[in-house]
Amino acid sequence: MTRTHASRIRRTLASPLLLVWLAVLAVESTLAAAAPGDPALIPSIFRPESTPAHSIHELSMLVLAITGIIFAVVFGLIVYALVRYRRRPDDDGGEPAQVYGSTQVEIAWTVTPVLIVVVLSLTGARAIDRIQNTPRPAASLDVTAVGHQWWWEFRYPSLGIVTANELHVPVSDPANPTPTFLKLLSADVVHSFWVPRLAGKMDLIPNRVNEMWIAPEKPGLYLGQCAEYCGTQHAKMLLRVYVHARDDFDRWAGEQRQAGAQSQNVAEGRRIFETTSCISCHAVGGTVGTGTFGPDLTHLMSRETLGSGAAPNTPENLRTWIESPEHAKPGSLMPAMNLTRRELDELVAYLETLR
Ligand code: HEC
Ligand SMILES: [Cu+2]
């Protein structure tokens, strides 16, 4: 083998491998960035923890196995042909034997792909059927999820709860399932609800009602992400699903149902909230604030993050958020209100009582 041939072969082999390797690297670094530190938080489809995600995982493994075999066979044949039929020093430069119209070969390479496609589409259809046509147990919970640029609104019509960005649901025992059924709506553009360890993606489309369900089997926090590009801050439209043991869920729901706190010593902060245009976009139970353009703030302090996962909900971050939403989330649809430093102190002190 001459040097140019060897390097051509190496180049031919290297480019698809390089692409595969780059793709794996990109996926891994995205996952790691989404959940620095804690591997349990990595939103991976390979570690399903809920019934629809199990079916999707099984299907993915089958598809990956079939496509993996195809990849190995095709790549093996390419490598074989490259080596076996490489140019040799004693080649006479003439054309090799030309073969036309082998009926067996034609049949083989038509029938095999058809069979593969039939198997893939039938198993896919079966998985879709299993997920979408599941009978709904009486003990299920209903939640309406509304996608907004760039945050999530969650309503529990049967419990009278409205919250944002952090979805709380009860755990579902496979022997006695208590799944959560989500009704997906959009207030503006198309978004997509995706928590990989719990279920597949489902779009939230304006003027349309989509539905999906989750039945998480283990309590804990599951991370997700809006999975349909929806504008500037799409990347910071994160999803947090808290799965609770039944008692914990009932306790959380009880707290959320209570009216907002009415603390006296933050009256000035409350006055600022009620007289600044905060109330045209935000609701706080028990106040004149009934806006729905932004997240409901009645139990703001029960959330661990601000701005749909853009920042941890600490007093400093809350203050920075109100002073300049641009800081944590450039392009966010909440304007900076140009409050004085004193007004900001009073307002943040008030917001911190919203537990
Ligand atoms: C024009 C409408 C509008 C006004 C006015 C407004 N906000 Fe907002 N606010 C929003 C939107 C939209 C979001 C969600 C931003 C995002 O996550 O992308 C938000 C988010 C927030 C959050 C974070 C909530 C969470 O759970 O993540 C807080 C706190 C907040 N606003 C407080 C205030 C206060 C206090 C005022 C008044 C000084 C105010 N907002 C004025 C629209 C508004
Ligand atoms: Cu979105």
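Provided above is the structure to which this section pertains.
A. Region of the structure containing the pairing of strand 1 (residues 141–148). Strand direction decides the pairing type here: strand 1 and strand 5 (residues 180–186), joined by 7 bridges, are parallel. The residue bridging Asp142 from the neighbouring strand is Phe181, located in strand 5. Pairing between strand 1 and strand 2 (residues 151–156): 5 bridges, direction antiparallel. When the sheet's bridge partners are listed, Thr144 is paired in strand 2 with Arg155. The hairpin formed by strand 1 and strand 2 contains 2 residues between the paired strands.

B. Examining the site of ligand 1 more closely. Around ligand 1 lies a shell of 30 residues, among which Cys278, Cys281, Gly294, Gly307 and Met334 are the nearest. Mapped onto the shell around ligand 1, the elements with two or more residues apiece are helix 6 (278–281) and helix 7 (315–323). Ranked by residues supplied to the shell around ligand 1, first place goes to helix 6 with 3 residues. Here the shell around ligand 1 is built from residues that sort into 18 nonpolar, 10 polar and 2 charged.

C. Spotlight on the sheet that holds strand 7 (residues 202–204). What the 5 strands build is an open sheet, ordered 4-10-9-6-7; its pairing is mixed. Edge positions in the sheet fall to strand 4 (166–170) and strand 7, since each of these pairs with one other strand and no more. Neighbour-to-neighbour, the strand axes of the sheet open up by a mean angle of 30 degrees, direction not taken into account. Sheet topology places strand 9 (residues 220–226) next to strand 10 (residues 238–244); 6 bridges connect them, and they run antiparallel. Its bridge partner being in strand 10, Gly220 is matched across the sheet by Val243. Packing of helix 4 (residues 246–257) onto the sheet brings it into contact with strand 4 and strand 10, and relative to strand 4 it is tilted by some 130 degrees.

Definitions and cut-offs
- Residues numbered from 1 in each chain as written.
- Chains lettered and ligands numbered in written order.
- Predicted model: local features only at pLDDT ≥ 70, side-chain atom pairs only at ≥ 80, totals over all residues.
- Pairing = 2+ DSSP bridges.
- Helix = DSSP H or I, 4+ residues; strand = E, 2+ residues; numbered from the N terminus.
- Near = placed C-beta within 6 Å.
- Nonpolar A, V, L, I, M, F, W, Y, C, P; charged D, E, K, R; others polar.
- Axes fitted to C-alpha atoms, helices over the stretch in contact; angles between N-to-C directions.
- Contact = placed C-beta atoms within 7 Å.

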